[in-house]
Structure formats: structure tokens, C-alpha cells
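Working through the structure, step by step
Below are the chains, spelled out letter by letter.
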Amino acid sequence: MTQKLRRFVCANCKCSELTTGGGINYHCAECRKEKGMPDLTSPQYLAHQAVAKARKAGLLADPKTLACVDCQGPAIEYDHRDYSKPLAVEPVCRRCNLRRGPALTQEVSHG
Ligand SMILES: [Zn+2]
Ligand SMILES: [Zn+2]
């Protein structure tokens, strides 16, 4: 599936950018950084994008139809343990996801 580039105007600095994503409240990369918004090129963001795409393509089920792998309660979202493997996800409920903490964003030296 190809995504069309569209022109979005940053809601903050009014610069315009050609991008595949964005919305009414679009912010350019610089303003995102300034405001502490998610970096569109971060592994975390890309991993979540990959899951969203896989769900649209029917490769992953809606997590809300699955059971949390930790507590067997109703899951609400997919949890990443390693953002370098964007589709290696497990359905979890919010509580268990919080308890799991953030995924690895890059190689961490163990020991
Ligand atoms: Zn801006
Ligand atoms: Zn759970």
C-alpha cells in the first residue's frame, strides 16, 4: 500500500512539510521535539505504526478480542518488548503493560 505525501502546515511555527501522516493539529519535527511530542522517526513510534498497519492488513487481531498474556484478563493493547522487532508483540491489559515498563529502544548491554 502506498501512502500519499500531503502538505501539512505546522500548527506551531506555520512552516509546511510534505509528509505521509499528520492531522488538524500537525506539528513539524522541530516543534514536536520542542513540545516533547513523540518523534516520528523514533523506534517506538515506528513500532507502533507497524502494529497499526499489521492490524489494518489483518495480520494482527484487535488486542481487545484477546486475553492479556500476563493475567488472562481482557487485553487492551499490544506490548512491545523490543522496538527493533516491531511485530513481536503480546496482547496485554493496561495494568500489566504498565507493570512491564517500557520496551528496549536500542541495544542494552546486559550485566
Ligand atoms: Zn513547527
Ligand atoms: Zn493483564
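Residues numbered from 1 in each chain as written. Chains lettered and ligands numbered in written order. Predicted model: local features only at pLDDT ≥ 70, side-chain atom pairs only at ≥ 80, totals over all residues. Heavy atoms only, no water.

**Points about unusual backbone geometry**
The phi dihedral of Lys14 is positive, around 65 degrees, even though this residue is not glycine. Phi is positive for Gln72, which is not a glycine, with a value near 65 degrees. The topology assignment puts Gln72 in the loop between helix H2 (43–56) and strand S3 (77–80). (Helix = DSSP H or I, 4+ residues; strand = E, 2+ residues; numbered from the N terminus.)

**Points about the coordination of the zinc ion (ligand 2)**
Donor atoms from the polypeptide that coordinate the zinc ion (ligand 2) comprise Cys68 (SG), Cys71 (SG), Cys93 (SG) and Cys96 (SG), at 2.2 to 2.3 Å from the metal. Considering all four donor atoms around the zinc ion (ligand 2), angles at the metal cover 102 to 118 degrees and the coordination shape is tetrahedral. Here Cys68 falls in the buried class, since its relative accessible area comes to 0%. On the accessibility criterion, Cys71 (34% relative accessible area) is partly exposed. (Donors = N, O, S within 2.8 Å, 3.2 Å for Na, K, Ca; no water. Tetrahedral: all angles 85-135°; square planar, octahedral: opposite > 155°, others 65-115°. Buried < 20%, exposed > 50% of the residue type's maximum accessible area, 1.4 Å probe, protein only.)

**Examining the pattern of salt bridges**
A complete count under the given rule lists eight salt bridges for this structure. In this structure, the salt-bridge partner of Asp79 is Arg100, at a minimum N-O distance of 2.7 Å. Placement of the pair is Asp79 in strand S3 and Arg100 in helix H3 (residues 94–100), with a sequence separation of 21 residues. Across the pair Lys85 and Asp82 runs a salt bridge, and its minimum N-O distance is 3.5 Å. One salt-bridge network, held together by shared partners, links Asp70, Asp79, Arg81, Glu90, Arg99 and Arg100. (Salt bridge = Lys/Arg side-chain N within 4 Å of Asp/Glu carboxyl O.)

**Concerning the coordination of the zinc ion (ligand 1)**
Protein-derived ligands of the zinc ion (ligand 1) are Cys10 (SG), Cys13 (SG), Cys28 (SG) and Cys31 (SG), with the metal-ligand distances lying across 2.3 Å. Classification of the site at the zinc ion (ligand 1) rests on its four donor atoms, whose angles at the metal span 102 to 116 degrees, yielding the label tetrahedral. Look at where the donors of the zinc ion (ligand 1) fall in the sequence and you get C-x2-C-x14-C-x2-C. Here the residue Cys10 occupies a position in the loop between strand S1 (6–9) and strand S2 (16–19), and Cys31 occupies one in helix H1 (residues 29–35), the gap between them amounting to 21 residues.

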